[in-house]
Amino acid sequence: MDNILSLLIWLPILGAIVVAFIPRDKEDIIRYTAAGFTGVQFIIAILLWRKFEPGNGSMQFMERLEWIPSLNISYILGVDGLSLPMVLLTAMLFFICVFVSWNIKKAVKGYFALYLLLDAGVVGVFLSLDFFLFYIFWEVMLLPMYFLIGMWGGPQREYAAIKFFLYTLFGSVLMLVGILGLYFTCGKTFDILLIMERAPEALDGVLWWGMSAAKVIWVLLFIGFAIKVPVFPFHTWLPLVHVEAPTAISVILAGILLKLGVYGIIRVNYGILPNAVWWFAGGLAILGLVNVIWGGLCALAQTDLKKLVAYSSINHMGYSLLGMAAVVAAGAANGGDLKAAQAGLSGAVFQMFNHGTISAMLFILVGVVYERAHHRDIEGFGGLASQMPIYTGVTALAFFAGLGLPGFSGFISEAMCFIGAFPVFKTIVVLSTIGILLNAAYFLWAFQRVFFGKLNEKYKDMTEINGLELFTVIPLAVITLFFGLYPRPYLDLIRATMDQIIEKVAFVANFASM
Amino acid sequence: MTNLQSLEFFVPEIILVIIVIAALITDLFLKKSKTDLIGWVLGIGLIVVALSIINLRHVPPTTLFSDMIVIDPFSSFIKIVIILSTLLVIVASWNNHELNDYRKGEYFTIMGIMVIGLFLMSSSVDIIMLYISIEVVSIMSFVLAAYLKLDTRSNEAGLKYVIYGAFSSGVMLFGLSIVYGLAGSTNYFVIQESIAALDSPANPALVMGMLMIFAGFGYKISAVPFHFWTPDVYEGSPTTITAYLSVAPKAAGFAMIIRFFHQVFSDGHALSSNMIGITDIPWPEIIGVLAVVTMTMGNLVAIQQESIKRMLAYSSIAHAGYMMLALPVISIDAIEAIMIYLFVYLFMNLGAFFIVITVKNKTGGETFDDYKGLGWEMPFVGCVMTLFMLSLTGLPPTAGFVGKFYIFKTLVGAGNSYYWLVIAGGLNSVVSLYYYFHVVKVMFLDGERSDKIIQPPVTMFGLLVVTAVPSLFLGLYWNPLISWVKESLVFYTQTL
């Protein structure tokens, strides 16, 4: 099992190739093949988790291969407490979403081939430790996403697909410039770990156009990642894409692709440019606040159920940003509050996992009702509770998880983000509690309109949620509840890695304040 | 080296001349339907030429015919690129139905003569030789562009090409004569020496001359503002010729520019040294601005095109712009980047044009409407076209990304006065995505699943495989290309 990480990446690619060779009329075989490959990938991910040593904060299961020696490009993979949960989440959601897409009728073969390619791209980003490799995987995701949205999406799918593509490419081009900047300042290497070691010193005092190079690179990389998160004002692609994308792709997008942004900021911006974290944390907290409020307000105004969930993603990622900003609490100038920094950063990372499970649930459930009613207009339903009691129950659970009710995992992570950020950004935290209020308001109001009141006559024959659909939601609901009651296992898994990142930022900060 | 001694190292060109004569004579004895045979003559001849170039690879860089042309690894690299593109275009020409009504004997023969011109362009170190080689290539291009004599658009293309070509080569000749007047010699190395010795650093006559020469260069690589001929000529010419014009003369043109700038304005030893002679004129900025304008113009106008062929014409202007980005740096890295770009561009651009030919053979049209649902009817063609579009946009893991990556790397490595060029180049890639993926959208998203699947003819299929495989493979593993390019980065230089 030396190459377990490579296996995780290459297995879906192999799956895509196998699917490509199955005759296109054998649709069921294609579905089972996709389920098989993602299932095996999920099992391998679980094995990886069992073998992972949580106490060790550094990279594990490292793989290293020469690739293009003339440019010092290598194939380096590794996993730590930050990436492991995301890999697990990815493997699980991709497995579940095969069943969410079971009813896709159009060009099944193309769909699953692209789906598996997307899987490989995402896992690749989480595992690669060479910037060149990282960038390639980052871009490899775009093409499958373009087709998955553009071919299997809603009425405006073509516009949504190209908008997504253009937005992300814009971000990645800036990111590429940042990466090249790091390459030349840090001794011509793409090795992320090596750059982490060298960057703070190598970039010290380097000026670009009279600005500190570290800050410029930070901003270039940040924009690339912020578009994925998405951070206000780069969020405008998200609602459109979510509305147009097929259910399974919405789930993947909200559950995993958005996390790539947060992951990138923590791995790259925090890991490589800790000095600039210090400089940008305030901005990050303000952006978090804007995300929380703006996402909440927009969600409140939506009449389309899926758009509401999409805006709730923007709202939820805001908490994560706030938590990330809290890292600076560990600096001497802020009283060296290590506990707050830990709570904030762990909260942010936990929040991205929780949002992955909760938003996945929400999108699957929206998909269930859309499948039956062929629209998602919140006002167009009413009284569904009497017609579909089980569906109502599950949706209530998902909505409560989404609005951060205690007992669900979302509550824990949001609370941690607030607790972490409070010592440093008091006003911002107080203001963003308005977001929680909005959060509760839009979910409860939507719930009320869809499920209570008089049953709309049109839907008196609406069928109850079926077994396959329940099978896709229940595991996510169980995880949400479990971590809501007992978050310890997750926090233990990431603690060592979080401590390392905090230590790094705090060290730089203390060093600077001396 | 004297004329007689030089012949030994001039074997590739001599073989080419023999082939061209043989082709002309053979053509006299062939029926119209058999003229494809001339393509075989030229094709096999070119393989022999390639072998003789490889055979000469260990010859130390030297000048031939009393300092008229040089033989060095750099020119061999460009010659191989030219041969590769010519071979691919010959095979495509057999399958281009546009040409069916015409005898193809002259067509292939003229192409052979053009190759001689391109070879000389990439190796001349004398402004007379430079001018003659450009003219050989240009005149042959005029004829080829107008080859479909029954088609008015092709005639229009030929005529426009002649007018622009004549004008810009006139301007260039004027510039060359000014430089000759200042330097008293036609040899690059002597010119370099004399320019370095000029009293005033920014001699107005020299600046004037240089600008005029650059007009000629710009015309050859279709850089803005000397690009106006490109869209009409590319649209009207037979598609095979369009493909050829977008690759081979561009490669030779860049070789010519690199040699001229490097040998007239650098000090002759190190490529990384600053340009000398006219230090007060901001050449890097001027070329940088031209590059950015070229890219941006090409990309923005490409968006509005209805015809895919015309869109690819504008896209080729944009690609000239990307390559020009590296010219202001003109270091070893920059030349390496341009060479890599030329090589990968050869495959992706020819591939895209071959698809245009395949589709035109099938539907008779080349507008976006003709591509509707193509991905469902001809899945192979659709997928390969998607690959070419990805590669032309410059997305990993395709060869196009590697090309752009090296250009950007050069610029970032050259210091922060060039960062704006990187940002401009990057944003242009984003813009280009829009129109390249418009093709993909039309092919896949606008169509419906069809029940019967059509495969392209075997030769077209083969050509597409031959262009698609490097377009993908060079994006994943390009060590062999890099080592070849690095070996080829040897110029003949001379200080008097």
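Please clarify how the overall build of chain A should be interpreted in this entry.
Per the secondary structure count, chain A includes 20 helices and four strands. Here the C-alpha atoms of chain A give a radius of gyration of 22 Å, agreeing with the 24 Å that 2.2 N^0.38 yields for 514 residues. In terms of principal-axis extent, the alpha carbons of chain A reach across some 70 × 55 × 40 Å. The proportion of buried residues among the 514 residues of chain A is 60%.

When you look at the overall build of chain B in this model, what are you seeing that I'm missing?
Per the secondary structure count, chain B includes 20 helices and two strands. Scaling as 2.2 N^0.38, a compact globule of 496 residues should have a C-alpha radius of gyration of about 23 Å, and chain B matches this with 22 Å. Judged by the C-alpha coordinates and their principal axes, chain B covers about 75 × 55 × 40 Å. Counting across all 496 residues of chain B, residues that qualify as buried make up 59%.

Help me understand the environment of V251(A) in this model?
Residues and elements named next belong to chain A. Here V251 lies in helix α11 (residues 247-272). Judged by C-beta crowding, with 28 C-beta atoms within 10 Å, V251 ranks as buried. Along the sequence, V251 and R449 sit 198 residues apart, while their C-alpha atoms lie 23 Å from each other. Each residue touching V251, except ones within four places of it in the same chain, is listed here: L93, C97, V100, A360, F363 and I364.

What is the right way to read the packing of helix α11 (residues 239-265) of chain B against helix α13 (residues 308-325) of chain B from this model?
What describes two packed helices is the angle between their axes and the distance between those same axes. Residues and elements named next belong to chain B. At a minimum axis separation of 11 Å, α11 and α13 run at an interaxial angle of 10°. The angle between the axes of α11 and α13 places the two elements in the roughly parallel class. Where α11 approaches α13, its residues T239, T242, S246, K250 and F254 are matched on the opposing element by K309, S316, A320 and M323. Each residue belonging to the contact of α11 with α13 can be placed in one class, and the counts come to three nonpolar, four polar and two charged.

Any chance you could explain the pairing of strand β2 (residues 73-79) of chain A here in plain terms?
In the case of a regular strand, side chains alternate between the two sheet surfaces. Residue and element names in this part refer to chain A. The element β2 is largely enclosed, with a buried count of five among its seven residues. The pairing of strand β1 (residues 60-68) with β2 spans six bridges and is classified as antiparallel. By the bridge assignment, E63 is partnered in β2 with L77. From the end of β1 to the start of β2, which pair antiparallel, there are four residues, and N72 there has a positive phi angle of about 60°.

I'm lost on unusual backbone geometry in this one. Help?
In most cases, non-glycine residues show a negative phi, while peptide bonds are predominantly trans. A cis amide bond links F232(A) with the next residue in sequence, P233(A), at an omega value of 5°. Although it is not a glycine, K188(A) adopts a positive phi angle of roughly 50°. Within the element layout of this structure, K188(A) appears in the loop between α7 (157-185) and α8 (192-202). On the basis of neighbour counts, which here come to 11 C-beta atoms within 10 Å, the residue K188(A) falls in the exposed class. For F65(B), which is not glycine, the phi torsion reads 50° and is therefore positive. Locating F65(B) in the fold gives a position in the loop between β1 (62-64) and β2 (69-71). Taking the number of C-beta atoms within 10 Å as the measure of exposure, F65(B) has 17 and is therefore partly exposed.

Explanation requested: the interface of chain B and chain A in the structure shown.
Accessible area lost on assembly of the parts is the figure often given for the size of an interface. Each side of the interface is counted separately: chain B has 26 residues, and chain A has 26 residues. Of all the secondary structure elements, the ones that give two or more residues to the side of chain B that touches chain A are α17 (399-413), α18 (419-445) and α20 (479-487) of chain B. Among the elements that line the side of chain B that touches chain A, the one with the most residues is α18(B), at 13 residues. Residues belonging to the side of chain B that touches chain A are distributed by class as follows: 18 nonpolar, five polar and three charged.

Looking at this structure, I do not really get the nonpolar core. What am I missing?
General note: in soluble globular proteins, nonpolar side chains tend to be found buried as a group. Among the nonpolar cores identified, the biggest contains 398 residues, and V87(A), A325(A), V327(A), I338(B), Y341(B), V344(B) and L411(B) are the most heavily contacted of them. For this core, the element with the most residues is helix α14 (residues 332-363) of chain B, which contributes 22 residues. Not counting residues within four places of it along the chain, the set of residues in contact with V344(B) comprises A399(B), G400(B), V402(B), G403(B) and L474(B).

Is there a simple way to think about the packing of helix α13 (residues 305-325) of chain A against helix α18 (residues 426-451) of chain A in this case?
Residues and elements named next belong to chain A. Packing of α13 against α18 brings their axes to within 11 Å, and their N-to-C directions diverge by 160°. Judged by the inter-axis angle, α13 sits roughly antiparallel to α18. As for the relative orientation of α13 and α18, their crossing is left-handed in sense. Two secondary-structure elements touch here, α13 through L305, L308, N315, G318 and L322 and α18 through S432, G435, N439, Y442 and A446.

What is the right way to read the confidence of the model for chain B from this model?
The predicted structure's coordinates, where accompanied by low pLDDT, should not be read in detail. Residues and elements named next belong to chain B. Of all residues in chain B, 95% attain a pLDDT of 70 or more, and the chain-wide mean is 88. Throughout residues 268-273 the model reports pLDDT below 50, and contacts reaching past four residues in sequence, or to other chains, amount to 16 contacts. As scored by the predictor, the complex reaches a pTM of 0.92 and an ipTM of 0.90.

How do you make sense of the environment of T463(A) when you look at a structure like this?
Residue placement: T463(A) occurs in the loop between α18 and α19 (467-485). On a C-alpha basis, the gap between T463(A) and F170(A) in space is 44 Å, while along the polypeptide they are 293 residues apart.

Explain helix α9 (residues 213-228) of chain A here, please?
The periodicity of an α-helix, 3.6 residues per turn, causes residues three or four positions apart to be oriented the same way. The terminal C-alpha atoms of α9(A), which comprises 16 residues, lie 23 Å apart, in line with the 22 Å expected from a rise of 1.5 Å per residue. Here α9(A) lies mainly inside the structure; 13 of its 16 residues are buried.

Hey, could you run me through the environment of E63(A) in this one?
Residue and element names in this part refer to chain A. For E63, the location among the structural elements is in strand β1. Taking the number of C-beta atoms within 10 Å as the measure of exposure, E63 has 16 and is therefore partly exposed. Along the primary structure E63 and L129 are separated by 66 residues, whereas in three dimensions their C-alpha atoms are 9.4 Å apart. Excluding anything up to four places from it in sequence, E63 contacts N3, L5, S6, I76 and L77.

What counts and what doesn't
Residues numbered from 1 in each chain as written. Chains lettered and ligands numbered in written order. Predicted model: local features only at pLDDT ≥ 70, side-chain atom pairs only at ≥ 80, totals over all residues. Helix = DSSP H or I, 4+ residues; strand = E, 2+ residues; numbered from the N terminus. Rg over C-alpha atoms; globule rule 2.2 N^0.38 Å. Buried ≥ 20, exposed ≤ 12 C-beta atoms within 10 Å, placed from the backbone. Contact = placed C-beta atoms within 7 Å. Axes fitted to C-alpha atoms, helices over the stretch in contact; angles between N-to-C directions. Parallel < 35°, antiparallel > 145°, perpendicular 65-115°, else oblique. Nonpolar A, V, L, I, M, F, W, Y, C, P; charged D, E, K, R; others polar. Pairing = 2+ DSSP bridges. Core = buried A, V, L, I, M, F, W, Y, C linked by C-beta atoms within 7 Å. Left-handed = near helix turned anticlockwise from the far one by under 90°. pLDDT = per-residue confidence, 0-100. Expected span 1.5 Å × (residues − 1).

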